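# Architecture at a glance
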Amino acid sequence: MTIAEDDPRQPYEQAAETLRREIRDGVIKPGNKVGSVRELASRFNISPTTVQKALGVLRDEGLLTTTGRGNYARDPKQVAEARKAGNGADLSEVLRQLEHVTSQLSELRGRVERLEASRPGRAAEDK
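For the structure given in this document, a descriptive report is provided here. (Residues numbered from 1 in each chain as written. Predicted model: local features only at pLDDT ≥ 70, side-chain atom pairs only at ≥ 80, totals over all residues. Heavy atoms only, no water.)

## Considerations on the pairing of strand 2 (residues 70–73)
This is how the line gets drawn: If DSSP finds at least two bridges between two strands, the strands pair. A run of H or I in DSSP becomes a helix once it reaches four residues, and a run of E becomes a strand once it reaches two; helices and strands are each numbered from the N terminus.
Sheet topology note: the strand 1 (residues 64–67)/strand 2 ladder contains four bridges and is antiparallel. Within the sheet, the bridge partner assigned to Thr-66 lies in strand 2 and is Asn-71. Here strand 1 hands over to strand 2 after two residues, the two strands then running antiparallel side by side.

## Remarks on the packing of helix 1 (residues 11–24) against helix 3 (residues 48–61)
To keep it simple, the criterion reads: Between N-to-C directions, angles cover 0 to 180 degrees, with each direction set by a line fitted to C-alpha atoms, over the stretch in contact for helices. Here roughly perpendicular refers to angles of 65 to 115 degrees, roughly parallel to angles under 35, roughly antiparallel to angles over 145, and oblique to all remaining angles. Definitions for this section: a left-handed crossing has its near helix turned counterclockwise from the far helix by less than a right angle. A right-handed crossing has that turn clockwise. Contact between two residues is taken to exist if any of their heavy atoms lie within 4.5 Å; hydrogens are not considered. When residue character is reported, Ala, Val, Leu, Ile, Met, Phe, Trp, Tyr, Cys and Pro are called nonpolar, Asp, Glu, Lys and Arg charged, and the others, Gly included, polar.
Packing of helix 1 against helix 3 brings their axes to within 8 Å, and their N-to-C directions diverge by 50 degrees. Taken together, the axes of helix 1 and helix 3 are oblique relative to one another. In the packing of helix 1 onto helix 3, the handedness of the crossing is right-handed. Seen from helix 1, the contacting residues are Pro-11, Tyr-12, Ala-15, Ala-16, Leu-19 and Arg-20; seen from helix 3, they are Thr-50, Lys-53, Ala-54, Leu-55, Val-57, Leu-58 and Glu-61. In terms of residue class, the contact of helix 1 with helix 3 is made up of nine nonpolar, one polar and three charged.

Here you go:
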C-alpha cells in the first residue's frame, strides 16, 4: 500500500488511519507487533520519520504501546472502555514511558560527559 498523492491528508495521517483500521478490524491483533519503522516505511513508501509521526498519533490515541522491542497493538475495546470510564491515561503505560525517557536521558548524559572529557584542551579549562 502506498500513500495516495491525491488525498488531502498528510502521509502520516493516511498511514495512521490504515493502521488504526487494521487494529480496530482485528487484522493486527492486540499484543501483536505492527511492524518495524523500516518495514512500515517500505510498506507505505514513506520516510521513517513520517512513520514515527504516524505511530505517535496511534500511541497518543492509546492504540499502540511502544517498548524497546517495537510497537504493539492494544485492544481497541479496552482503550474505548478506559476512555468512557474517564481513565484515558493508562498509568502502567505512563510509568513505562517515563522509565524509557529517564533511561534515554541517562544515556544522553553519559554521552555528553564522554564527549566533554575527550575534547582537546579540556584539562586546561578545568584548572
